[in-house]
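Secondary and tertiary structure notes
This is what each chain is made of:
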Amino acid sequence: MLKHMSYLDNIPSAPGKFKMDKSPYVHNKLRWHSSLMKLTFWSFIFLALIFIFFYRSPSPNPLPQDPSRRSLGTYNWGGPAWEKRVRSSARIRSHDGISVLVTGAAGFVGTHVSTALKRRGDGVLGLDNFNDYYDPSLKRARQALLDRSGVFIVEGDINDSTLLSKLFEVVAFTHVMHLAAQAGVRYALENPGSYVHSNIAGLVSLLEACKSANPQPAIVWASSSSVYGLNSKVPFSEKDRTDQPASLYAATKKAGEEIAHTYNHIYGLSLTALRFFTVYGPWGRPDMAYFFFTRDILKGKTISIFEAANHGTVARDFTYIDDIVKGCLAALDTAEKSTGSGGKKKGPAQFRIYNLGNTSPVPVSDLVSILERLLKVNAKRKVIKLPQNGDVRFTHANISLAQRELGYKPSTDLQTGLKKFVRWYLSYYSGEKKAAG
Ligand SMILES: O=C(O)[C@H]1O[C@H](OP(=O)(O)OP(=O)(O)OC[C@H]2O[C@@H](n3ccc(=O)[nH]c3=O)[C@H](O)[C@@H]2O)[C@H](O)[C@@H](O)[C@@H]1O
């Protein structure tokens, strides 16, 4: 403190006020003191800089700070070993196979589609940001599953254009299966920005990379039944109006369809949107009703069942994951090549939109009854009025177009599909408990 004071004391507070002591002893002592202080000062600055460099330096591939993002890890990618893994995962191992970049590969549909592609000998590379919208340990478990079948998931965000162009530089993907998105209808009330970040900005970032890639890939991507919004004509056909979304989620998916059209029109990208109808099954998403109803029924917790005005039923065209996977693969197999090159369109390209549903809507209360039977536990039900949270009353797919052009034919009813889900759920969570105990 004294040293500190003397150092500060040597600095004139105002010109002309400072008087120099002429005594040589005092002079030397002062000089020595001053150099020591300087040394201490610069050492401190040096150490502070080192600290800042190691603890605060951005990741090698920094993403813009965006408050709408859920917590994301810092990603490490690049280097010869990484490129080797990328190439090996994307290598086609069958005669006339395709090589597919699957975004959202650690997600529910992404995991199933990646496994199915790999099984038939296609090259598959996953991309996922492993965000914490729902329990990331489930995503890690899916990743482990994919790893065992030889699918590598690159950890990164679709908004990272440097990463995307690197991936297209390393692999000449023939197709992109774009499933990375902010899903869920009700969460849009809590975090609207995350929908814009993933479903709009992320989609544009991906399409930009695809348009610049040589060769350009054909793209198949997940739209949603929610684009039908307040449409009341049933069953929903691709020709019906989709300009009355009931949630921001639906609005971003509808915007995605328009954005896709633009990239098809300007750059000749081959684009196919699949409107999924409430997909369920093993390895599903914990934010979906069938999943958390199962958890809550087993815990003895009350579940809320939504009901429309005048005791009207709320129903969904629940579609089993294996049927959806068949639809995705058929869409990839029938996709024509993109026509552009060097970022320029060379001719008209394919643009398609298909419903992938089950064609038999089931009231939510019936879904609960099936779960009760399968779980052998009575649910504690509370029927409440459908909240103004973005949910629509019912969905019902007309699938004749997908049937005609993709050979899509769903074959799993809700009872059968939920049986498979419940079996998976019980074994997955009992395994987790065992591991924890
Ligand atoms: O088909 C789609 O396009 C959409 O399907 C689901 O959305 P949703 O059909 O609303 O699925 P859930 O959130 O699982 O809800 C299923 C049904 O349960 C009802 N529900 C939900 C929650 C609840 O507490 N109680 C309740 O009765 C909902 O109103 C709905 O009728 C997915 O969450 C979306 O990501 C997807 O895009």
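Notes on the structure in this doc start here. The model shown is predicted, which means the values in this text are computed figures rather than measured ones. (Residues numbered from 1 in each chain as written. Predicted model: local features only at pLDDT ≥ 70, side-chain atom pairs only at ≥ 80, totals over all residues. Heavy atoms only, no water.)

Some remarks on helix 7 (residues 192-212)
Our working rule: Helix and strand definitions follow DSSP, with helices as H or I runs of at least four residues and strands as E runs of at least two, each counted in order from the N terminus. Given the number of residues in a helix, its expected span is that number minus one, multiplied by 1.5 Å. Bend angle per residue: angle between axes fitted to the 7 residues ending at that residue and the 7 residues starting there.
When the terminal C-alpha atoms of helix 7 are compared, their 30 Å separation across 21 residues agrees well with the 30 Å that a helix rising 1.5 Å per residue should span. Largest kink in helix 7: about 35°, centred on glycine 202.

Section: unusual backbone geometry
Keep in mind that most residues, glycine aside, have a negative phi and that most peptide bonds are trans. Here the amide bond leading from asparagine 214 into proline 215 is cis, since omega sits at 0°, within 30 degrees of zero. In the segment running from valine 234 into proline 235, the intervening peptide bond is cis, with an omega of -15°. Looking at the secondary structure, you find proline 235 in the loop between strand 5 (218-224) and helix 8 (248-267). Phi is positive for tryptophan 283, which is not a glycine, with a value near 65°. By the element assignment, tryptophan 283 lies in the loop between strand 7 (279-280) and helix 9 (289-299). The phi torsion at lysine 376 lies on the positive side, around 55°, for a residue other than glycine.

Some remarks on the sheet that holds strand 3 (residues 152-155)
Our working rule: Here, a strand pair is defined by DSSP locating no fewer than two bridges between the strands. For helices, the fitted line uses only the C-alpha atoms of the stretch in contact; every axis is such a line through C-alpha atoms, and the angle between N-to-C directions lies from 0 to 180 degrees. In this description, contact between two residues means that some pair of their heavy atoms is separated by no more than 4.5 Å.
Pairing is parallel in the open sheet, where seven strands are placed in the order 3-2-1-4-5-6-11. Of all strands in the sheet, those with a lone pairing partner are strand 3 and strand 11 (351-356), marking the two edges. Between one strand axis and the next, the sheet turns by 20° as a mean value, whatever way the strands run. In the sheet, strand 1 (residues 99-103) pairs with strand 4 (residues 175-178) via four bridges, with the strands oriented parallel. Each residue of the ladder has a partner; that of threonine 103, found in strand 4, is histidine 178. Those strands touched by helix 4 (residues 108-119) are strand 1, strand 2 (123-128), strand 4 and strand 6 (271-276), and its axis lies near 165° from that of strand 1.

Some remarks on the side chain of lysine 254
Where we set the bar: Remark: exposure states derive from per-residue accessible area (1.4 Å probe, protein chains only) relative to the maximum for the residue type, with buried under 20%, exposed over 50%, and partly exposed in between.
Looking at the element boundaries, lysine 254 is found in helix 8. You can call lysine 254 buried: its relative accessible area is 18%. If we ignore the near neighbours within four places in the chain, the residues touching lysine 254 are Val227 and Thr242.

Quick word on the site of the ligand
Formally: The nearness test applies per residue and asks whether one of its heavy atoms lies within 4 Å of the molecule or strand. Polar contact is defined as a pair of N or O atoms within 3.5 Å, subject to the rule that within protein one atom must be able to donate a hydrogen and the other to accept it, and that residues adjacent in sequence are counted only when both atoms are side-chain atoms. Here the accessible surface of atoms and residues is derived via Shrake-Rupley with a 1.4 Å probe, and residues count as covered only by protein chains that are part of the display. Residues were grouped as follows: Ala, Val, Leu, Ile, Met, Phe, Trp, Tyr, Cys and Pro as nonpolar; Asp, Glu, Lys and Arg as charged; and all remaining residues, including Gly, as polar.
In the vicinity of the ligand there are 23 residues, among which Arg186, Ser224, Ser225, Tyr249 and Thr278 approach most closely. Threonine 278 is positioned such that a nitrogen or oxygen atom in its backbone is 2.7 Å from an oxygen atom of the ligand. Within the backbone of phenylalanine 306, one N or O atom sits 2.9 Å away from an oxygen atom of the ligand. Compared with its free state, where it exposes 700 Å², the ligand has 94% of that area covered by protein. Sorting the residues of the shell around the ligand by element identifies helix 9 and strand 8 (302-307) as the ones contributing at least two each. Residue classes in the shell around the ligand are distributed as 13 nonpolar, six polar and four charged.

Observations concerning the environment of serine 360
As for its placement among the helices and strands, serine 360 is situated in the loop between strand 11 and strand 12 (362-363). By relative accessible area, serine 360 is classed as partly exposed at 37%. A sequence separation of 43 residues divides serine 360 from aspartate 317, and the C-alpha atoms of the two residues are 5.6 Å apart. Apart from residues lying up to four places away in sequence, serine 360 is in contact with Arg316 and Asp317. In terms of polar contacts, serine 360 uses its side chain to reach the side chain of asparagine 358, at 3.2 Å.

A word on the packing of aromatic side chains
Centre distance and the angle of the planes are the two values used to describe a pair of aromatic rings. Convention followed: Pairing of aromatic rings covers Phe, Tyr and Trp, the last through its six-membered ring, and needs centres within 6.5 Å; plane angles under 30 degrees mean stacked, over 60 mean edge-to-face, and all others mean tilted. A ring is considered to have a charge above it if a Lys NZ or an Arg CZ atom is located within 6 Å of its centre and within 35 degrees of its normal.
In this structure the tally under the stated criterion is 30 aromatic pairs. A centroid spacing of 5.6 Å and a plane angle of 85° characterise the contact between phenylalanine 168 and phenylalanine 173, whose relative ring orientation is edge-to-face. Phenylalanine 168 gets classed as buried once you look at its relative accessible area, which sits at 10%. Seen in terms of ring centroids, phenylalanine 291 and tyrosine 429 are 6.4 Å apart; in terms of plane orientation they differ by 90°. Their pairing is edge-to-face. Of this pair, phenylalanine 291 sits in helix 9 while tyrosine 429 sits in helix 13 (residues 414-436), and the two are 138 residues apart along the sequence. Here phenylalanine 291 falls in the buried class, since its relative accessible area comes to 2%. Ring-pair connections join several aromatic residues into one group, and the members of that group are Tyr280, Trp283, Tyr290, Phe291, Phe318, Tyr320, Phe421, Trp424, Tyr425, Tyr428 and Tyr429. Taking NZ or CZ as reference, lysine 139 lies 4.7 Å from the ring centre of tyrosine 134, over its face. Geometry around phenylalanine 130 places arginine 140 over its ring, the cationic atom sitting 3.7 Å from the centre.

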